[in-house]
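So you can see what is in the structure, the chains are spelled out below.
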Amino acid sequence: MVFSSHIFLFYFLPLVLAAYYALPGRGRTALIAVSSYVFYGWANPSWAVIMFFGSSVDYVCGLLLLKMSRLPDVDGLPPVIGPEVVRTRQMKLVLATSIVTNLGLLAAFKYTGFVAENINALGALFGSSTQIVPVLHVVLPVGISFYTFKAMSYAIDVYRGDARPMRRFTDYMCFEAFFPDLVAGPIIRYAAIEEQMRVRQHTLEKFARGVAFFSLGMGKKILLANPMGHIADTAFAGGAKHFYDAWFGLVAYAFQIYFDFSGYSDMAVGLALMLGFVLIQNFDSPYKSRSITEFWRRWHISLSTWLRDYLYIPLGGNRKGPLRTYANLMVVMLLGGLWHGASWNFVIWGGIHGGMLAVERRLGNAHPLRRLPPAVGVAFTFLIVCLSWVFFRAKTLEQAVTYLGLLFGLAAVSPAADVVAGALHPRYYVGLFALAAVVIFGMPNSWELTRRLSLPRTAFVAATMVLATLMMWTQTINPFLYFQF
């Protein structure tokens, strides 16, 4: 089910909200759990079955960790497994079971075909004329990468003593299947949400801010991301083209993926607020960053902090010398790229960012951009991010290399280039492009806009929602880009 659809907007959401506020406390948690499974299984019920299996394993692992800690309940609540508890071999085995189950499901659905294709390619390189491993094309459950990371945080946080385990299965179902963030984030860390699973406030102010977040997210998706997607699709599918058309299409994709993903995050945060939950900020004006390091502090914050706390720091972080630090940055970003998709394009995308992070760490205060005006740093960072987006958007490595050549005028322009140019430059697209640039570089982000809802801001939010809803009926509903991950 897509947020920006009439089914969700006029049927699912009003029914869930009405039932939620009509029920007492415990019933509300169960309602969210059941509603989330309906939401997720709407297109394919088998996906809900897969998620239910993983949830059952994680829930049981949490109970086993609680039992093995042998700590008494405090005030009727499960104890935090603190530092006084010795992590036994059995507890480590339980944690490993949860992690292996989650990563196993992710690998089975997302990477089986990728591994098989590469094994066959290696075989062909060494002269094999037959397929070594059969390539299975498995339908990827929507959002499995997101809820896998969320599920892993549960067992890890309980094991580390960062949060209490859950006794009720409906509570755990509510956490993992929580429909606002289920299929495209933000990636909720269990330690950050554990207290709210038991106690949370419901106020008119919080609900109003939630509506504002959702409205701005709708505007980003319907009014900006979808039209930008048409520009990007035309450019990337248009064959050989003029270099300026290639740049126009690439920047349009940079705008599309930002508005699409940050729009979804805004809608998720807004829906959560309507239900009394407070989620973290996932985007903080990332295209205003002056370095790639700063970019990753502002872009997909829930993923970058997850990778930092559950991968980078356990690998040693920056505690084992400069060379190990650079290697850790590369490993984390390469795996982060692979997390996005089973393709060498995503690995290269991660490698570009990992390499830039290592270079910036090495240069430190000696970075030449620090001596130049801030606008130069923003422009250079945006350029690097855009060039890396080529690998993210292109379907094959060959297409990515060809498109990079077009950007710098290194590829022959076909006779059809003028046709592509005509499709890319109607006045509507040019005006839309200018509007998107103003919103990204000249306006406050959603968190700043909704922090204090004055009358002018409320009117702006309301107008955005009305216009987005009207435009929704004129568009073919496009799933959010990050659904594929």
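Heads up: these notes are all about the structure in this document. As the structure is a prediction and not an experimental result, all values here were calculated from the model. (Residues numbered from 1 in each chain as written. Predicted model: local features only at pLDDT ≥ 70, side-chain atom pairs only at ≥ 80, totals over all residues. Heavy atoms only, no water.)

A word on the overall build of the protein chain. A count of helices and strands for the protein chain gives 20 helices and zero strands. Its C-alpha radius of gyration of 24 Å places the protein chain within 12% of the 23 Å reference for a compact globule of 485 residues. A total of 485 residues make up the protein chain; the buried ones form 54% of that total. In the protein chain, of all internal contacts separated by at least 6 residues, the share reaching a separation of at least 24 is 77%. A total accessible area of about 21600 Å² is found for the protein chain, and carbon and sulfur atoms account for 68% of it. Side-chain charges in the protein chain split into 39 positive and 24 negative, and the spacing between the mean points of these groups amounts to 5 Å. (Helix = DSSP H or I, 4+ residues; strand = E, 2+ residues; numbered from the N terminus. Rg over C-alpha atoms; globule rule 2.2 N^0.38 Å. Buried < 20%, exposed > 50% of the residue type's maximum accessible area, 1.4 Å probe, protein only. Contact = heavy atoms within 4.5 Å. Areas by Shrake-Rupley, 256 points an atom, 1.4 Å probe, with all protein chains shown as cover. Lys, Arg positive; Asp, Glu negative; His and termini not counted. Charge placed at Lys NZ, Arg CZ, Asp CG, Glu CD.)

This part covers the packing of aromatic side chains. Applying the stated criterion to the full structure yields 59 aromatic pairs. Centre to centre, the rings of Phe8 and Phe12 are 5.5 Å apart; their planes meet at 25°, and the pair counts as stacked. Residue Phe8 and its partner Phe12 are both found in helix H1 (residues 6-22); the two are separated by four residues, about one turn of the helix. Of the residues examined, Phe12 reaches a relative accessible area of 10% and is grouped as buried. Taken together, a centroid distance of 5.0 Å and an interplanar angle of 85° make the contact between Phe283 and Trp299 edge-to-face. Of the two residues, Phe283 sits in the loop between helix H10 (243-274) and helix H11 (292-298) while Trp299 sits in the loop between H11 and helix H12 (301-312), which places them 16 residues apart along the sequence. Over the face of the ring belonging to Phe175 we find Lys150, whose NZ or CZ atom lies 5.6 Å from the ring centre. (Phe/Tyr/Trp six-rings, centres within 6.5 Å; stacked < 30°, edge-to-face > 60°. Lys NZ or Arg CZ within 6 Å of the ring centre and 35° of its normal.)

We now examine unusual backbone geometry. In this structure, the amide linkage connecting Gly185 to the following residue, Pro186, adopts the cis form with an omega of 5°. With respect to the helices, strands and loops of the structure, Pro186 is situated in the loop between helix H7 (169-177) and helix H8 (190-198). Within the chain, Arg70 stands out as a residue other than glycine whose phi angle is a positive 60°. Of note, Arg70 is situated in the loop between helix H3 (45-69) and helix H4 (89-110).

It is worth spelling out a nonpolar patch on the surface at this point. Taken together, the side chains of Ile7, Phe10, Tyr11, Val34, Val38, Trp42 and Trp473 make up a nonpolar region of the molecular surface, amounting to roughly 740 Å² of accessible area. At the level of elements, H1 and helix H2 (25-40) are the ones that each hand at least two residues to the nonpolar patch. When residues of the nonpolar patch are assigned to their parent elements, the largest contribution, three residues, is made by H1. Following the sequence through the fold, Val38 ends up in helix H2. The class of Val38 is partly exposed, set by a relative accessible area of 40%. (Patch = residues over 30% accessible without salt bridge, like charges linked within 9 Å, V, L, I, M, F, W, Y side chains within 5 Å. Salt bridge = Lys/Arg side-chain N within 4 Å of Asp/Glu carboxyl O.)

Those residues of helix H16 (residues 397-407) not exposed but buried are Ala400, Tyr403, Gly405, Leu406 and Leu407. Next to the buried residues of H16 lie helix H9 (204-237), H10, helix H14 (344-363) and helix H15 (374-393). In the segment just after H16, Gly409 is the residue with positive phi, at about 65°.

Another point: H7. The buried fraction of H7 amounts to seven of the nine residues, a majority that puts the element mostly inside the structure. Within the span of H7, buried status applies to Asp171, Tyr172, Met173, Cys174, Phe175, Glu176 and Ala177. Elements in contact with the buried residues of H7: H2, H3, helix H6 (144-160) and H8.

Let us look at a positive patch on the surface. Taken together, the side chains of Arg290, Arg297, Arg361 and Arg370 present a region of like positive charge at the surface. With respect to the element layout, Arg290 can be found in the loop between H10 and H11. Classification of Arg290 by relative accessible area gives partly exposed; the value is 37%.

In the structure shown here, the tally under the stated rule is twelve salt bridges. Here Asp309 makes a salt bridge to Arg189, at a shortest N to O gap of 2.6 Å. Pair noted here: Asp309 is in helix H12 and Arg189 is in the loop between H7 and H8, with a separation of 120 residues, a long-range link.

With that settled, consider the environment of Val376. Locating Val376 in the fold gives a position in helix H15. It is 7.9 Å that separates the C-alpha atoms of Val376 and Arg290, two residues lying 86 residues apart in sequence.

One recurring pattern in soluble globular proteins: nonpolar side chains tend to sit buried together. Grouped together as the largest cluster of nonpolar side chains are 145 residues, with contacts concentrated most on Phe8, Phe214, Tyr287, Trp299, Trp389 and Tyr482. Once residues within four sequence positions are removed from consideration, Trp299 is found in contact with Ile257, Tyr258, Phe261, Asn282, Phe283, Pro286, Tyr287, Ser304, Trp389 and Tyr482. (Core = buried A, V, L, I, M, F, W, Y, C linked by side-chain atoms within 4.5 Å.)

What follows covers the environment of Val461. Among the secondary structure elements, Val461 is positioned in helix H20 (residues 455-472). Separated by 429 residues in the primary sequence, Val461 and Ile32 place their C-alpha atoms 27 Å from one another. Val461 has contacts with Ala212, Ser215 and Leu216, leaving out every residue within four places of it along the chain.

So, about the side chain of Arg393. With respect to the helices and strands, the residue Arg393 is situated in helix H15. The exposure class assigned to Arg393 is buried, which follows from its relative accessible area of 17%. In this structure the side chain of Arg393 is engaged in a polar contact, spanning 2.9 Å, whose partner is the side chain of Asp233. With residues near it in sequence (within four places) discarded, Arg393 still touches Ala232, Asp233, Phe236 and Tyr253. (Polar contact = N/O pair within 3.5 Å; in protein donor to acceptor, adjacent residues only side chain to side chain.)

What follows concerns the packing of H15 against H16. Where H15 meets H16, the axes come as close as 8 Å, and the angle between the chain directions of the two elements is 145°. The element H15 and its partner H16 pack so that their crossing is right-handed. Together, Leu387, Val390 and Phe391 of H15 and Leu397, Ala400, Tyr403, Leu404 and Leu407 of H16 make up the contact between the two elements. Residues that form the contact of H15 with H16 fall into these classes: eight nonpolar, no polar and no charged. (Axes fitted to C-alpha atoms, helices over the stretch in contact; angles between N-to-C directions. Left-handed = near helix turned anticlockwise from the far one by under 90°. Nonpolar A, V, L, I, M, F, W, Y, C, P; charged D, E, K, R; others polar.)

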